[in-house]
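# Reading the structure
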Amino acid sequence: MSDSEKTPESATELNIEEAILQLEAQLEKVKQRHQQIINDKQRKEELINRKEQLKTLKAENNPPDSLKSELKYIEEELNEIEVRLESELFKWSSLSEPFWQIVRFGGIGILIGWILKTMTIN
């Protein structure tokens, strides 16, 4: 076999290997995100339980400043966790395909409407 015959096969193998590496990298990202979601949900439950404990203590007696500051800290951390949990559910990049579909078919609709209008006027 000459070198020219080996090149397409080698290029194909390189493309396949590259695709496999990309898939593995994406899979690793998905695994990391899944683990982060699990950790965030556990932390959220812990914080909610602690918040309830602090509210109970607050209701029983006049809360010291440390309880108030801890409650504020818990609220802030819960908000951050909620944002992290929701951030992957909605991404601006997920709107890319629907946007271009709207542009494509909306544009075609406008073009067809314009053609029909010009045909009916004449």
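Preceding block: the structure.
The rules we used
Residues numbered from 1 in each chain as written. Predicted model: local features only at pLDDT ≥ 70, side-chain atom pairs only at ≥ 80, totals over all residues. Heavy atoms only, no water. Helix = DSSP H or I, 4+ residues; strand = E, 2+ residues; numbered from the N terminus. Contact = heavy atoms within 4.5 Å. Areas by Shrake-Rupley, 256 points an atom, 1.4 Å probe, with all protein chains shown as cover. Patch = residues over 30% accessible without salt bridge, like charges linked within 9 Å, V, L, I, M, F, W, Y side chains within 5 Å. Salt bridge = Lys/Arg side-chain N within 4 Å of Asp/Glu carboxyl O. Buried < 20%, exposed > 50% of the residue type's maximum accessible area, 1.4 Å probe, protein only. Phe/Tyr/Trp six-rings, centres within 6.5 Å; stacked < 30°, edge-to-face > 60°. Lys NZ or Arg CZ within 6 Å of the ring centre and 35° of its normal. Core = buried A, V, L, I, M, F, W, Y, C linked by side-chain atoms within 4.5 Å.

Now for the overall build of the protein. Of the regular secondary structure elements, the protein holds three helices and zero strands. N-terminal to C-terminal, the α/β element order of the protein is α-α-α. For the protein, contacts bridging at least 24 residues in sequence account for 70% of all contacts bridging at least 6. As presented, the protein carries roughly 10400 Å² of accessible surface, and 59% of it is formed by carbon and sulfur atoms.

Let us look at a nonpolar patch on the surface. Judged by side-chain polarity, Phe105, Ile108, Leu111, Ile112, Trp114, Ile115, Leu116 and Met119 come together as a nonpolar surface patch covering roughly 840 Å² of accessible area. With respect to the helices and strands, leucine 116 occurs in helix H3 (residues 96-121). Taking the relative accessible area as the measure of exposure, leucine 116 reaches 48% and is therefore partly exposed.

Inspection of the entire model under this criterion finds zero aromatic pairs. Above the face of the phenylalanine 105 ring, arginine 104 is positioned so that its terminal group lies 5.8 Å from the ring centre.

Let us look at the pattern of salt bridges. Inspection of the entire model under this criterion finds five salt bridges. Of the charged contacts in the structure, one is a salt bridge between arginine 43 and glutamate 46, with a shortest N-O distance of 3.5 Å. With arginine 43 and glutamate 46 both in helix H1 (residues 3-60) and three residues apart, this pair spans about one turn of that helix. Since its relative accessible area comes to 46%, glutamate 46 is described here as partly exposed. Across the pair arginine 50 and glutamate 70 runs a salt bridge whose closest N-O atoms are separated by 2.9 Å. Highlighted residues: arginine 50 in helix H1 and glutamate 70 in helix H2 (residues 65-87), separated in sequence by 20 residues. Ionic contacts of the salt-bridge type, sharing partners, join the residues Arg43, Glu46 and Glu77 into one network.

Within the largest apolar cluster, eight residues are counted, these being Leu47, Leu54, Leu67, Leu71, Ile74, Leu78, Ile81 and Leu85. Among the secondary structure elements, those contributing two or more residues to this core are H1 and H2. Among the elements that line this core, the one with the most residues is H2, at six residues. With residues up to four places along the chain from it excluded, the contact list for leucine 78 reads Lys44, Leu47, Ile48 and Lys51.

Now for the side chain of aspartate 40. Looking at the element boundaries, aspartate 40 is found in helix H1. Every residue in contact with aspartate 40, bar those within four places of it in the chain, is listed here: Ile81, Arg84 and Leu85.

In this section: the environment of arginine 50. Overall, the relative accessible area of 29% leaves arginine 50 in the partly exposed class. Expressed as a C-alpha distance, the spacing of arginine 50 and leucine 71, which sit 21 residues apart in the sequence, is 8.7 Å. Contact partners of arginine 50, with chain neighbours within four places excluded, come to Glu70 and Ile74.

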